[in-house]
Amino acid sequence: MSVIVTGGAGYIGSHIVKRLVEMGEAPIVIDDLSEGHRDSIGECRLIIGDFSDPEVLGKAIADDDPPFIIHMAANSLVGESIVNPSKYYENNLIKSLRMLDFLREEKVKGIVFSSSAAVYGEPKEIPIKENHPQDPTNPYGETKLSFERALEWYRRSYSIGYVSLRYFNAAGADPDGTIGENHADETHLIPRLLLAILGRIESVEVFGDDYPTYDGTCIRDYIHVMDLAEAHILAMVFLERNRGAGRIFNLGNGEGFSVLEVIEMVKRVTGRDVPVKIGKRRQGDPAVLLASSAKIVEELRWKARFPSLADIIETAWKWHRAHPEGYKKK
Ligand code: UFG
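Just so you know, these numbers come straight off a predicted model, no measurement behind them.

1. Re the site of the ligand
The local shell around the ligand holds 20 residues, among which Glu205, Phe207, Arg220, Arg282 and Asp285 are the closest. Glutamate 205 places a main-chain nitrogen or oxygen 2.7 Å from a nitrogen atom of the ligand. Between phenylalanine 207 and the ligand, the recorded distance is 2.8 Å, taken from a backbone N or O atom to an oxygen atom. Starting from 680 Å² of accessible surface for the ligand in isolation, the protein chains cover 93%. When contributions to the shell around the ligand are tallied by element, the ones reaching two or more residues are α6 (189-197) and β8 (204-207). By residue number, the principal contributor to the shell around the ligand is β8, which donates four residues.

In C-alpha cells form, the structure reads like this:
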C-alpha cells in the first residue's frame, strides 16, 4: 500500500507515520519542516518541500501504485489565524486546493483530511454531532471548513474519495516515549503545564474562570494522539473498500474536563505542583467543546484505546520528561 503523509513530521502526523511503519507500510512524508522534526519519523522517506508543489508531489507518487494521501500539513493556531488570516488562507486553503487539483489527475485511492472542531464555532448543542451548524469563529476553522467543502465537490465531480476527521483536543504521546508533542511556540494546555513543571516556562495562565461552567473554566474533550492515528488507518481501510465515498467524522472521547480539572490531573499524574495563575479569557474560546463520536464508532468501528485523561497525561509526561528540550534537531 502506498501512503503519502503531508505534514507527517508534525505532532499528530508523526504518530500516524509510526503506526503505519509498525503495520509494515512504508509511508512517504512530505514536510517543509517549518513545524515538523526530522527526528520524529525515524528512517522514513522524507521529501522536504511544499506539499502543493507538483514536482514534490510527483516525486512521491509512483506510477504503478496509486497512493492514499493523508493530508496533515497545515498551520493550526487559532490565535495566530486571527492576527494573520492571510497565512492561513494561503497555507491551509490555497495550497490544499492546488494539491487537490494535482491529485485529480492522478489515480489516488482517496484523501484522509485533518480537520478540526474549530469548524463548528460556538456550540449550540452539546455533545456536538457532525451535522451541528458550522459557523467558525476564526480563520483557522474557516479554512478547514472551506477545504472540507471543496473535497465534497471534487468528490462529486472527479470521484476522489475522502474522509475528513474533525479532531477535538489532541494530546498525549506514543506510550513508548520516543515521539511526542514539540511545538516551537507551545500554546496547548497539557504540554504547557508539563513544560511549566519542567521549568521550561515560568507558569501557566488559566484563560478565564468566569465561564458558565461548573468551576468557571473552559471544558474540553481530550483525545489521545494514538487514538487519532488509529482513526486515520480505519479511514484508509474504509476508502479502500468504498472508492469515491465521502465521509466526515468527529474524533473525541465525549467526556469533558475543565481547565482546573486538567491541572489537578496533571498534579496527580506527575506528583508535582504546577505554577498557575488565573488570567483573562482568551479571544475565541468557546466555554464547552464536547464531541459525539458515535458516527465513527458505528461506521468505522473506531474505539479509543486511551480514553482516560490520566493515561493521556501520563504518556505526554513520559515524552516531556525524557525530552525536556524536545527533539534535538529540526
Ligand atoms: N488554556 C489555558 N491556558 C493555556 C492554554 C490553554 O487556560 O496556557 C485553556 C484554553 O483557554 C482552553 C483549554 O485550555 O479552554 C484548551 O486549550 P488548548 O489551547 O489546549 O486547545 P483549544 O481548545 O484552544 O484548541 C483546540 C484544538 C484546535 C481547535 C480548537 C477549537 O487544538 O485545533 O480546539 O476551538 F481549533
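The discussion continues.
2. Focus: unusual backbone geometry
Cis peptide bonds are those with omega within 30 degrees of zero, and the linkage from isoleucine 126 to proline 127 qualifies with -5°. For proline 127, the position within the fold is in the loop between β5 (110-116) and α5 (139-158). In the Ramachandran plot, leucine 33 falls in the positive-phi region, its phi being about 60° despite a non-glycine side chain. Counting through the fold element by element, leucine 33 comes out in the loop between β2 (28-31) and β3 (45-48). Residue classification places leucine 33 among the buried positions, given a relative accessible area of 14%. One non-glycine residue with positive phi stands out, namely arginine 301, at about 60°.

3. Here's the deal with the packing of α6 against helix α8 (residues 259-270)
At a closest axis distance of 11 Å, the pairing of α6 and α8 adopts a crossing angle of 45°. With respect to α8, the axis of α6 lies oblique. In this structure, α6 meets α8 at a crossing whose hand is right-handed. Taking contact as the criterion, the partners of Leu189, Ile190, Leu193, Leu194 and Ile197 in α6 are, on α8, Val259, Val262, Ile263, Val266 and Thr270. Of the residues in the contact of α6 with α8, the class split is nine nonpolar, one polar and no charged.

4. Some details on the sheet that holds strand β6 (residues 162-167)
The parallel open sheet is built from seven strands, whose spatial order is β3-β2-β1-β4-β5-β6-β11. The strands lining the two open edges of the sheet, one partner per strand, are β3 and β11 (246-251). For this sheet, the mean angle separating the axes of adjacent strands, direction not counted, is 20°. Here β2 pairs with β3 via four bridges, running parallel. Directly across from isoleucine 30, in β3, lies its bridge partner isoleucine 47. Against the sheet, α5 touches β4 (68-71), β5, β6 and β11, its axis set at about 155° to β5. Of the strands in this sheet, β1 (3-6), β4, β5, β6 and β11 are in contact with helix α7 (residues 225-241), which crosses β6 at around 160°.

5. Concerning the layout of surface pockets
Here the second largest pocket is characterised by a volume of approximately 230 Å³. Looking at the lining of the second largest pocket, the elements that each hand over two or more residues are α6 and α10 (309-322). Each residue belonging to the lining of the second largest pocket can be placed in one class, and the counts come to five nonpolar, five polar and five charged.

6. What about the packing of aromatic side chains?
Considering all chains together, one arrives at five aromatic pairs under this definition. Here the aromatic rings of phenylalanine 113 and phenylalanine 147 are separated by 4.9 Å at their centres, their planes lie at 70°, and the arrangement is edge-to-face. Note that phenylalanine 113 is positioned in strand β5 and phenylalanine 147 in helix α5, a separation of 34 residues in sequence. The exposure classification of phenylalanine 113 matches that of phenylalanine 147, with both residues buried. Both rings, one in tryptophan 319 and one in tyrosine 327, keep their centres 4.8 Å apart while their planes meet at 45°; by these two values the pair is tilted. Exposure class is identical for tryptophan 319 and tyrosine 327. Each is buried.

What counts, and at which threshold
Residues numbered from 1 in each chain as written. Predicted model: local features only at pLDDT ≥ 70, side-chain atom pairs only at ≥ 80, totals over all residues. Heavy atoms only, no water. Near = heavy atom within 4 Å. Polar contact = N/O pair within 3.5 Å; in protein donor to acceptor, adjacent residues only side chain to side chain. Areas by Shrake-Rupley, 256 points an atom, 1.4 Å probe, with all protein chains shown as cover. Helix = DSSP H or I, 4+ residues; strand = E, 2+ residues; numbered from the N terminus. Buried < 20%, exposed > 50% of the residue type's maximum accessible area, 1.4 Å probe, protein only. Axes fitted to C-alpha atoms, helices over the stretch in contact; angles between N-to-C directions. Parallel < 35°, antiparallel > 145°, perpendicular 65-115°, else oblique. Left-handed = near helix turned anticlockwise from the far one by under 90°. Contact = heavy atoms within 4.5 Å. Nonpolar A, V, L, I, M, F, W, Y, C, P; charged D, E, K, R; others polar. Pairing = 2+ DSSP bridges. 1 Å grid on protein atoms, 1.4 Å probe; cavity = no way out; pocket = protein on both sides within 12 Å on 5 of 7 lines; lining within 4 Å. Points joined across faces, edges and corners; volume = space filled by probe spheres on them. Phe/Tyr/Trp six-rings, centres within 6.5 Å; stacked < 30°, edge-to-face > 60°.

This is a description of form; function is not addressed.
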